[in-house]
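# Descriptive analysis of the structure
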Amino acid sequence: MNDSSSAAALRGSARQSLIRDSWPSILVSVLVAVAAVFSFSERPEPEFPQTQVYPDRVLVNGLARQGQRVVAVGELGQILVADDAKGPWRSAKLEPQQGLTLTRAIFAGDGVVVAVGHDGLIARSSDRGETWKQVALGGEGSDPLLGLAGPYDGRLYAFGAFGLYLISDDLGQTWQQRELVIDEGGAAQAAAAEVIDPNADPFANFDAEAVGGAGHLNDMTQTADGSLILVGERGLLLRSTDKGETWKKLGDVYSGSFYGVVALPDKSLVAYGMRGNVFYSRDAGTSWNRAKVPLQQSLFAGAVGPGGEAILGGAGNTVLVSTDGGATFTLSAVKARNAIAGLLPLAKGEWLTVGDGGIRTEREAKGVVPEQPETAAGEGE
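Residues numbered from 1 in each chain as written. Predicted model: local features only at pLDDT ≥ 70, side-chain atom pairs only at ≥ 80, totals over all residues. Heavy atoms only, no water.

With antiparallel pairing, four strands are arranged side by side in an open sheet as 1-2-3-4. Unpaired on one side and paired on the other, strand 1 (60–66) and strand 4 (90–91) mark the two borders of the sheet. Where strand 2 (residues 69–74) meets strand 3 (residues 79–82), four bridges bridge the pair, whose relative direction is antiparallel. Bridge pairing in strand 3 places A72 opposite L80. (Pairing = 2+ DSSP bridges. Helix = DSSP H or I, 4+ residues; strand = E, 2+ residues; numbered from the N terminus.)

Reported here for the largest pocket is a volume of approximately 850 Å³. Lining the largest pocket are 36 residues, and of these L63, I106, L148, D219 and G302 lie nearest its centre. Elements with a minimum of two residues in the lining of the largest pocket: strand 1, strand 6 (102–109), strand 10 (145–152), strand 16 (217–222), strand 20 (258–263), strand 24 (299–304) and strand 28 (340–345). (1 Å grid on protein atoms, 1.4 Å probe; cavity = no way out; pocket = protein on both sides within 12 Å on 5 of 7 lines; lining within 4 Å. Points joined across faces, edges and corners; volume = space filled by probe spheres on them.)

A few words on the pairing of strand 11 (residues 155–160). In terms of burial, strand 11 is largely enclosed, as six of its six residues are buried. Alternating positions in strand 11 separate into two faces, R155, Y157 and F159 on one and L156, A158 and G160 on the other, with burial throughout. In terms of strand pairing, strand 10 meets strand 11 through five bridges, oriented antiparallel. Across the sheet, residue A149 finds its bridge partner in strand 11, namely Y157. Alignment of strand 11 against strand 12 (residues 165–168), held across four bridges, turns out to be antiparallel. Bridge pairing links F159 to Y165 in strand 12. Between strand 11 and the antiparallel strand that follows it, strand 12, lie four residues; F162 among them carries a positive phi value of about 55°. (Buried < 20%, exposed > 50% of the residue type's maximum accessible area, 1.4 Å probe, protein only.)

We now examine the pattern of salt bridges. Enumeration according to the criterion identifies 11 salt bridges in this entry. Salt-bridge contacts for D83 lead to R90; the nearest nitrogen and oxygen are separated by 3.4 Å. Of the residues examined, D83 reaches a relative accessible area of 39% and is grouped as partly exposed. Salt-bridge contacts for R360 lead to E362; the nearest nitrogen and oxygen are separated by 3.0 Å. (Salt bridge = Lys/Arg side-chain N within 4 Å of Asp/Glu carboxyl O.)

Don't take any of this as a statement about function, it's just geometry.
Right, here's the structure in full:
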């Protein structure tokens with residue numbers, strides 16, 4: 001073999017050796033390139049299972065319903081929605097999420113839902129509660145909004161601690177804070193909403209006249225003649241005949257708080273509050289009579305049943321039902337210690353309740369007395 005042949009053979013052997021020794025590196029490079037192309041290529045988002053919501057493990061304060069859609073609001077800005085009163089429930093999105101407790105919610109129009117809460121928070125949804133936007137906020141240390149009502153003749157009302165009172169004429173998109181102008185038989189006076197002690201408990205009972213302020217406003221309804229009835233702390237009963245611009249104080253009924261008022265189809269009104277105090281009116285609130293109730297439990301929620309009956313809920317999982325316009329109530333309760341903060345009637349003898357026991361579906365159980373009747377001292381009976 002000549003020299004040129006030997007050199008060619010050596011070069012071929014070297015190339016084969018180089019290829020043999022370097023192929024793992026070449027393979028790794030190819031794999032890296034393929035991985036990079038895959039990583040940056042467009043592809044559909046993976047479907048993740050929906051976050052599990054446990055509606056019985058959250059404090060819920062308010063309920064609203066339109067058609068089959070139900071919205072529940074509660075602690076830390078939680079908003080839950082369902083397409084059936086019995087669930088399943090899923091979380092809605094509120095922007096920005098302040099983490100403030102929500103107290104009440106209502107459907108204000110076709111698909112429009114409004115909710116209120118602590119620090120003067122007001123939120124609004126236009127897609128049946130799926131997504132929410134904050135439309136008003138009083139700021140840190142502001143008084144809480146405790147109630148929401150309407151729309152009555154196109155107007156919404158939000159109200160709460162120390163006479164806090166707001167009105168909206170555009171289904172909750174914008175709000176104007178108003179003074180609560182009350183005519184007590186003489187010259188009208190404006191009830192101030194300012195708190196002298198900013199560190200005071202906003203839910204504590206106090207003497208409104210002594211501090212020059214107004215008591216807490218808890219609930220409102222509209223009567224058959226179009227008047228508005230507003231109830232609150234220390235037996236407050238007010239009526240307005242001019243869409244909430246001015247209010248007239250009605251006669252003193254009792255000295256404890258009223259937590260709610262319900263207008264029935266038969267034109268009766270039912271006002272309810274502490275320690276089982278319930279009163280009914282047949283003349284749009286001009287005069288009131290004490291209702292007969294089977295026990296002394298504070299009542300925080302009211303609704304009208306499918307047959308026009310008055311349904312009240314409260315401490316000790318108490319549910320009271322009246323079929324005679326609020327004159328007498330029978331007890332229907334499941335033995336439990338949770339308090340009912342809101343309720344929605346479903347079929348006859350069945351209702352959806354919310355409170356510190358979360359969201360629950362209850363059935364009529366007449367004659368069952370709650371385990372622990374209320375004994376704590378509080379405001380006047």
